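This is what each chain is made of:
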Amino acid sequence: MTTESVAPPTAATDIPSIVAGLRSVFASGRTRSVHWRRTQLEALERLLTENEGRIAEALAADLDRSPFEAWLADVAGTAGEARVAARSVGKWVKRKHRLLEFSQLPGRGWVEYEPYGTVLIIGAWNFPFALTLGPAVGAIAAGNTVVLKPSEVAPASSALMAELVPRYLDSEAVVVIEGDGAVSQELIAQGFDKLCFTGGTDIGRRVYEGAAPHLTPVTLELGGKSPVIVAADADIDVAAKRIAWTKLINSGQICIAPDYILAEATIRDRLVAKLGEAVSEFEAQNAGGKKIVNQRHFDRLSTALAATKGTVAVGGGTDAAALRIQPTVVVDPDLDEPLMRDEIFGPILPVVTVESVEQAITFVNSRPKPLAAYLFTKSKSVRESVITRVSSGGMLVNHLIFQFATHKLPFGGVGPSGTGAYHGRFGFEEFSHRKSVLTKPTRPDLSSLIYPPYTEKAWKLARKIF
């Protein structure tokens, strides 16, 4: 199987009846019980852990992923999140009572976490299990019925999900529909109660537009050019290894991968040299370069690399026949060239020289808000300055991408890098409608104080109360 093949589509004529069936199941109330949610989440964890080997094989076929990286990136975190959600969902669904103002007494008020209904999750090809089944954890915990649409660009992973999901989960409440962009469009046209899409910003805009006529609430996990600011006081040895390691995972095809470095001038050359050493160490057994998912992405990356006006300090080689690109470091490219204008999504890392952290902050803030921002520094003042002044979906200091791996923090973008956030309890809340409920007794009927006719005495009393 080549990475250019795509998953077979489910017949478009089936989609309305499938969605209607899911809506009927939701209307029956089956998915609202804590027992159903818990058992489905436990089954989802088993799906991942019991099929780790098959998942690794699918990811190797689709993305040339190593078994360790398959487990680390697609299995471990998602299985762990499902396990935590199964343990916690009974607590999450409880009403959250609020102390009311004096003017609202007597009465009781609370937030009721209500499932949206039938949810569509459109996953991404670069981490097909984590970015399809991961959002499903929140959707199931919230009590929704779910359509999972894996990416056709990762056909082996899509086919495996289509096989495993009905074996482990309630096949009448959680359904996998395979296919290409036309299938996604047909699904969006059904007017789901909630939609979650993971992918590029341009396609995200089209998804948003497709959902707009139905006023479907949308969660978008997009991307952007995530910067790494390396301050002069950073631990350069550690920074270089951590940056290189994360840039090489999945051939750099990660929405929160370090897209470019802003390095202070005094340490730039040493950082570039250390990046080269780290790449040589990490890729000693992989001299052929990093595999790119398909011809279109290879052509995009190789064209951008050929057009650079920067200095290629590490790597630079490409193999069109094998769709492989060497891990590459480009120093000081033109700020308007493709490497600095478009999200790279590959094993190419520009390094831009700045004179200060202040200049780096200004540079990042002059560009579209990224999904992630990274900083390496030993200084508390530098750390606080960057955290409080740089706007991004998330931020990590002195490491990279681990903000995705914790269910204790929300994961999502801001502006063009996305809207909404999930993981852990935040995923449960993202796929729940927070319904306000207020109850009042009928006796004594204190509202009689504000019934017409509006006397001067009643008005004075109302002013004191309200």
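Anything mentioned here points back to the structure above.
So, here is what we can say about the structure in this document. Predicted model only: the values in this text are computed from it and were never measured.

## Overview of the overall build of the protein chain
Part 1 of the reasoning: Counting its secondary structure elements, the protein chain contains 16 helices and 21 strands.
Part 2 of the reasoning: With the principal axes as the frame, the protein chain shows a C-alpha extent of 80 × 55 × 40 Å.
Part 3 of the reasoning: Within the protein chain, the proportion of its 466 residues that are buried is 53%.
Part 4 of the reasoning: Long-range contacts, defined here as pairs at least 24 residues apart, represent 72% of the contacts in the protein chain between residues at least 6 apart.
Part 5 of the reasoning: Total accessible area on the protein chain is roughly 20400 Å²; 54% of this is exposed by carbon and sulfur atoms.
Part 6 of the reasoning: Taken as two groups, the 51 positive and 50 negative side-chain charges of the protein chain have centres that lie 11 Å from each other.

## Considering a positive patch on the surface
Part 1 of the reasoning: Judged by side-chain charge, R87, K91, K94 and K408 come together as a positively charged surface patch.
Part 2 of the reasoning: Structurally, K94 can be placed in the loop between α4 (67-92) and β1 (96-98).
Part 3 of the reasoning: On the basis of relative accessibility, which here comes to 52%, the residue K94 falls in the exposed class.

## Comments concerning the sheet that holds strand β12 (residues 318-319)
Part 1 of the reasoning: With antiparallel pairing, three strands are arranged side by side in an open sheet as β10-β13-β12. In this open sheet, the two strands that pair with only one neighbour each are β10 (290-291) and β12.

## Some points on helix α5 (residues 130-141)
Part 1 of the reasoning: With twelve residues, α5 extends 16 Å from end C-alpha to end C-alpha; this agrees with the ideal 16 Å at 1.5 Å per step.
Part 2 of the reasoning: The buried fraction of α5 amounts to twelve of the twelve residues, a majority that puts the element mostly inside the structure.
Part 3 of the reasoning: Within α5, the full set of buried residues consists of A130, L131, T132, L133, G134, P135, A136, V137, G138, A139, I140 and A141.
Part 4 of the reasoning: Count one or two residues on from α5 and you reach G143, which has phi positive near 95°.

## Concerning the environment of L400
Part 1 of the reasoning: When you line up the elements, L400 lands in the loop between β17 (394-397) and β18 (411-412).
Part 2 of the reasoning: On the basis of relative accessible area, L400 is assigned to the buried category, the value being 0%.
Part 3 of the reasoning: Residues L400 and F376, 24 residues apart in the sequence, show an inter-C-alpha distance of 9.7 Å.
Part 4 of the reasoning: Not counting residues within four places of it along the chain, the set of residues in contact with L400 comprises V228, R242, I243, T246, P258, Y374 and F376.

## Some points on the environment of L339
Part 1 of the reasoning: Structurally, L339 can be placed in helix α12 (residues 338-341).
Part 2 of the reasoning: With 255 residues separating them in the primary sequence, L339 and V84 have C-alpha atoms 40 Å apart.
Part 3 of the reasoning: Excluding residues that lie within four positions of it along the chain, L339 makes contacts with K225, D259, A304, T308, V330, I344, I348 and P350.

## Observations regarding the sheet that holds strand β4 (residues 145-149)
Part 1 of the reasoning: Read from one edge to the other, the open sheet built from six strands follows the order β5-β4-β3-β6-β7-β19, with strand pairing classed as mixed. Lying at the two open borders of the sheet, with one neighbouring strand each, are β5 (174-176) and β19 (418-419).
Part 2 of the reasoning: Summarising the sheet, strand β6 (residues 194-198) and strand β7 (residues 218-221) pair through four bridges and their orientation is parallel. Counted as the bridge partner of F197 is L220 from β7.

Reading the values: rules and limits
Here the residue numbering is sequential within each chain, running from 1 through the sequence in written order. A pLDDT threshold of at least 70 governs which residues receive local features in this predicted model, and a stricter bar of 80 or more applies before side-chain atom pairs are shown or counted, although totals over entire chains, interfaces and linings include all residues. No hydrogens and no water enter the side-chain calculation; it runs on all heavy atoms of the structure. Comment: elements are numbered from the N terminus, with helices defined as DSSP H or I runs of at least four residues and strands as E runs of at least two. Between buried and exposed lies partly exposed: a residue is buried under 20% and exposed over 50% of the maximum accessible area for its type, with that area taken using a 1.4 Å probe on protein chains only. Contacts are residue-level and defined by heavy atoms, with any inter-residue pair within 4.5 Å sufficient. Methods summary: accessible areas were calculated by the Shrake-Rupley approach with a probe of 1.4 Å, and residue burial reflects only the protein chains presented. Charge convention: Lys and Arg are scored as positive, Asp and Glu as negative, and His as well as the terminal groups of each chain are ignored. The atoms used to mark charge sites are NZ of Lys, CZ of Arg, CG of Asp and CD of Glu. Patch definition: residues above 30% relative accessible area lacking any salt bridge, with like charges linked at up to 9 Å and the nonpolar side chains Val, Leu, Ile, Met, Phe, Trp and Tyr linked at up to 5 Å. Throughout this description, the term salt bridge denotes a Lys or Arg side-chain nitrogen within 4 Å of a carboxyl oxygen of Asp or Glu. Following DSSP output, two strands are said to pair if at least two bridges run between them. Multiply 1.5 Å by the residue count of a helix minus one, and that product is the helix's expected span.

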